[in-house]
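Each chain, written out:
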Amino acid sequence: MWRWIIVGFLLIFLIKTNSPSVFSSEESPYKLPYSAGREYTVKQGNYGDYSHKGKATFAFDFNLADGAPVAVSRAGKVLAVKDVSNKGGCDPKYKNEPNYVVIDHRDGTSALYLHLQYNSATVREGEDVKQGQIIAKADTTGWACGAHLHFQVQETPKDKAHWYTQSIQISFSDADVLRQEPDGIPKERKSYISDNYPPTPTPSPTAPATPTPTATVIPTLTPTPTATATATPSSTPTSTPLPSLGKLVYEDKGGIWTITEDGREKQLLITKGREPSWSPDGRRIAYISDWLQIRTANYDGSGDQELINERSEANIGTQIQRFRWNSDGNRIFYLLWPGDTSLNYIDFSTSKKGKLPLDIFITDFDIVRGNGAIVFETGQSAVTKEIERGQDKYGSFIIVCIRTERTLIVADNQGKNKQKVFGNTAEYCNYRLPRLAGRDPAHYQWFYPAFSPDGKKITFLNEGKLFTIDADGRNLRELTRATMGKIAWSPDGKKIAFLRSYIQNEIWIISADGRGEPKKLVEGISPTWVFVPTILS
C-alpha cells in the first residue's frame, strides 16, 4: 500500500518538474521577460550544457545587456528581492553574490529573475506586480559570464531564504516565439522579439496633466537663465575654463566618459548614466538616468542636477529613449518608448512640457541646430511566406521570409512638410528575421540618422555601411563598411564618429569626405562631440 502511495507522489513530482506547462503555447500566461519590441538571443536554453542542469534544467539565459530593463513575465506577488550585491563574474566564487527578484504566481509556481544590477530593483517584497512591469535591470551579479538575465519558472519556495528551487518547463505566448517555435519554448542561439507590453496605465488623479502646445509653430527661444534649479541648468561652468581640444563624450561600463580627439586624455565624469549628449555651447552634458530621468552636469562633471523626470503611474513600463538639444540649449526633445509617434520636449525657459506630433512611429531622430528641421526614422516588417518546417538539434523550427521597410523622413520644425529622403525594402528568408547566415540583419537595417552641423547632409547606417546623403535626398555616398550605428558629427562638420562593433563597442573616427582610413579611438558607446564655441575678441 505505502509503496503505491510513494510511487504516486513520485509520478506527480516528475510530471510537475519535467513536463511542459499545462497551458498550450498559445494560451501560455508567460511573456518574454523583457519589454515589447526588444529582441534578445537565448545564450543558454533548457538542458544547456554549461549550467542548466538540476534545478536550472528548464531555465533560459537571455543576453540582456548591462542595464537593460527586466519586465514581469507573468503577474504575481513579489516574494523575495535582493539588489545589494555589486559582485559578480565568470567564477564559481561569486555563486552566492547574485541579485534577484522572485515573483509568486499563486498557483504553486514562481518566477526567478537572476543576476540583476546593483540597487536597480523597483519593487518591494509583498508588492503585487503586473505583466510587462519593469522590476529591475540586468547585469552580471553572482556567477555570470557576461551580462544576461537568467529566468526560470520554479516551484514556489517555502520562504524567501530558499529562493532557488526546482525549475519547471514552460512556454511563452509571444507572437515571435510562436512563429518560430510551435511549442512556444525558445531555443538556444536564437533571437526573439517580445510583445510583453507594459500594463495599461491608470491615470493618477494627483498627477499633473502634460501641457499640449496650442501653437502650430515652435517659437524661437531666447536663452534666458531662470532661477528654477530643476528646470534650467546653470549656463556657466562652475570650475575650470572650457577645454581647447575637441572631445567626445560616450557611455562605457555604465558610466559617462570623455576622451580627447587624439585619444590621449580619458576621464570618467559620471559613474552611472547612459546616452550622454553635449549642450550646444559645450558647457553641459545631459544624460539618461534611471530610464525615466534626464540629468545634466557641467562639462567637467560638477553641478549634477535633474532636468526631466517622467516618473508617473501613466509611464510605468516606458523609458526615455534618445534625446536632442535644440540650437540654443533651452529645449530638449526626447522619445518615450515604446510606441512614440510624437516628439516630447521640455522648454526650460518656461518649465513646460509639450509634444510635437509626427503621427508616424519613430525609432530614432535628429534635429538641426539652427532651423530646427527634424530627420527621423520609421520602420515596419511583415511575414511574406512560410517556406519550410523542420526539426534540428535545437528543436523545431519554421523558416519564413520577412519583408522589411525602412524610411528616413525630413520634416520642418513644426513636424510638417514631411519628405522622404531615403528608404529601402529587403526580404530575408531564414528561421526568422533577423537571422541570416549567422548574421543579425536587423542591426544592418537600422539607420541612426544624424544631421551635419549645417543641416545640409544626413549620415545614416544601412546594411552595415555608413552613408551620407543630401538633406533633399540627392548625392548618396558610401563612406565605410562594417559600422553598427551611433553616429555623431564633429562641430566643424569635418569628422564623423561612429560605433563600429556591438561586441567590442569600438568608437571610430572617419573624415566626413570619406578620405583616408577610419581610426579606432576607444571602446565605448554613444559618442557625441563636444562643441567648443568660438570666443570673439
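Residues numbered from 1 in each chain as written. Predicted model: local features only at pLDDT ≥ 70, side-chain atom pairs only at ≥ 80, totals over all residues. Heavy atoms only, no water.

## Notes on the nonpolar core
Counting 30 residues, the largest nonpolar core has Leu64, Tyr113, Ile135 and Phe151 as the members making the most contacts within it. Elements supplying a minimum of two residues to this core: β1 (39-44), β2 (60-62), β6 (100-104), β7 (109-114), β9 (134-137) and β11 (149-155). With 3 residues, β11 is the single largest residue contributor to this core. Excluding residues within four positions of it along the chain, Phe151 makes contact with Pro33, Ala59, Phe60, Phe62, Ser73, Ala111, Leu112, Tyr113, Ile170 and Phe172. Counting residues in hydrophobic clusters, the runner-up holds 14 residues, among them Ala286, Ile288, Ile294 and Leu336. (Core = buried A, V, L, I, M, F, W, Y, C linked by side-chain atoms within 4.5 Å. Buried < 20%, exposed > 50% of the residue type's maximum accessible area, 1.4 Å probe, protein only. Helix = DSSP H or I, 4+ residues; strand = E, 2+ residues; numbered from the N terminus. Contact = heavy atoms within 4.5 Å.)

## Description of unusual backbone geometry
For Asn119, which is not glycine, the phi torsion reads 60° and is therefore positive. By relative accessible area, Asn119 is classed as exposed at 52%. Its identity is not glycine, yet Glu275 carries a phi of approximately 50°, on the positive side. You can see Glu275 is positioned in strand β17 (residues 274-278).

## Comments concerning the sheet that holds strand β29 (residues 450-451)
Hydrogen bonding along the main chain pairs the strands of a sheet, whether they run parallel or antiparallel. Spatial strand order, β29-β30-β31-β32: 4 strands in an open sheet with antiparallel pairing. With one partner strand each, in any of the chains shown, β29 and β32 (477-481) form the two edges of the open sheet. When strand β31 (residues 465-470) meets β32, the two strands line up antiparallel, connected through 4 bridges. Pairing of Phe467 across the sheet is with Glu478, part of β32. (Pairing = 2+ DSSP bridges.)

## Describing the state of the cysteines
Evaluated as defined, the whole model comprises 1 disulfide. With its sulfur 1.9 Å from that of its partner, Cys90 forms a disulfide with Cys145. Of note, the bridge from Cys90 to Cys145 carries an S-S torsion of about 70° and is right-handed in sense. With Cys90 in the loop between β5 (88-89) and β6 and Cys145 in the loop between β10 (142-143) and β11, the pair connects residues that are 55 residues apart, well separated along the chain. The class for Cys90 is exposed, based on a relative accessible area of 52%. (Disulfide = S-S within 2.5 Å.)

## Thoughts on the sheet that holds strand β24 (residues 352-357)
Reading across the sheet, the 4 strands line up as β21-β22-β23-β24 and stay open at both edges, with antiparallel pairing between neighbours. Lying at the two open borders of the sheet, with one neighbouring strand each, are β21 (319-325) and β24. Between one strand and the next, the sheet's axes are offset by a mean angle of 30°, whatever the strand orientation. Looking at chain direction, β21 and strand β22 (residues 331-337) are connected through 6 bridges and run antiparallel. Considered in β22, the bridge of Phe323 is made with Tyr334. (Axes fitted to C-alpha atoms, helices over the stretch in contact; angles between N-to-C directions.)

## Description of the pattern of salt bridges
Counted by the stated rule, this structure contains 18 salt bridges. Connected through salt bridges with shared partners, the residues Glu181, Asp183, Lys187 and Lys190 form a single ionic network. (Salt bridge = Lys/Arg side-chain N within 4 Å of Asp/Glu carboxyl O.)

## Some details on the environment of Ile374
Among the structural elements, Ile374 can be located in strand β26 (residues 374-392). Residues Ile374 and Ile409, 35 residues apart in the sequence, show an inter-C-alpha distance of 8.1 Å. Not counting chain neighbours up to four residues away, the residues in contact with Ile374 comprise Leu343, Leu356, Asp366, Ile367, Ile409, Val410, Ala411, Asp412 and Phe451.

## Here's the deal with the environment of Pro33
Following the sequence through the fold, Pro33 ends up in the loop between α1 (2-18) and β1. Taking the relative accessible area as the measure of exposure, Pro33 reaches 0% and is therefore buried. Along the backbone, Pro33 and Tyr113 are 80 residues apart, and their C-alpha atoms lie at a distance of 8.5 Å. Contact partners of Pro33, with chain neighbours within four places excluded, come to Phe62, Val70, Ala71, Ser73, Tyr113, Leu149, Phe151, Phe172 and Asn196.

## Observations regarding the confidence of the model for the protein
Do not read the predicted coordinates in detail wherever pLDDT is low. Averaged over all residues, the pLDDT of the protein equals 77, while 75% of them reach at least 70. Per-element averaging of pLDDT across the protein places helix α3 (residues 441-445) at the bottom with 40 and β6 at the top with 97. In the predicted structure, residues 202-245 sits below a pLDDT of 50 and forms 76 contacts with residues beyond four places in sequence or in another chain. Long-range and interchain partners of residues 431-444, a stretch whose pLDDT sits below 50, account for 44 contacts in this model, where long-range means more than four residues apart. (pLDDT = per-residue confidence, 0-100.)

## With respect to the packing of aromatic side chains
Using the criterion set out here, one finds 13 aromatic pairs in the structure. Every member of this aromatic cluster is reached through a ring pair, and the members are Tyr34, Tyr40, Phe60, Phe62, Tyr113, Phe151 and Phe172. Over the ring of Phe365 we find Arg324; its NZ or CZ atom is 5.4 Å from the centre of that ring. Over the ring of Tyr345 we find Arg331; its NZ or CZ atom is 4.1 Å from the centre of that ring. (Phe/Tyr/Trp six-rings, centres within 6.5 Å; stacked < 30°, edge-to-face > 60°. Lys NZ or Arg CZ within 6 Å of the ring centre and 35° of its normal.)

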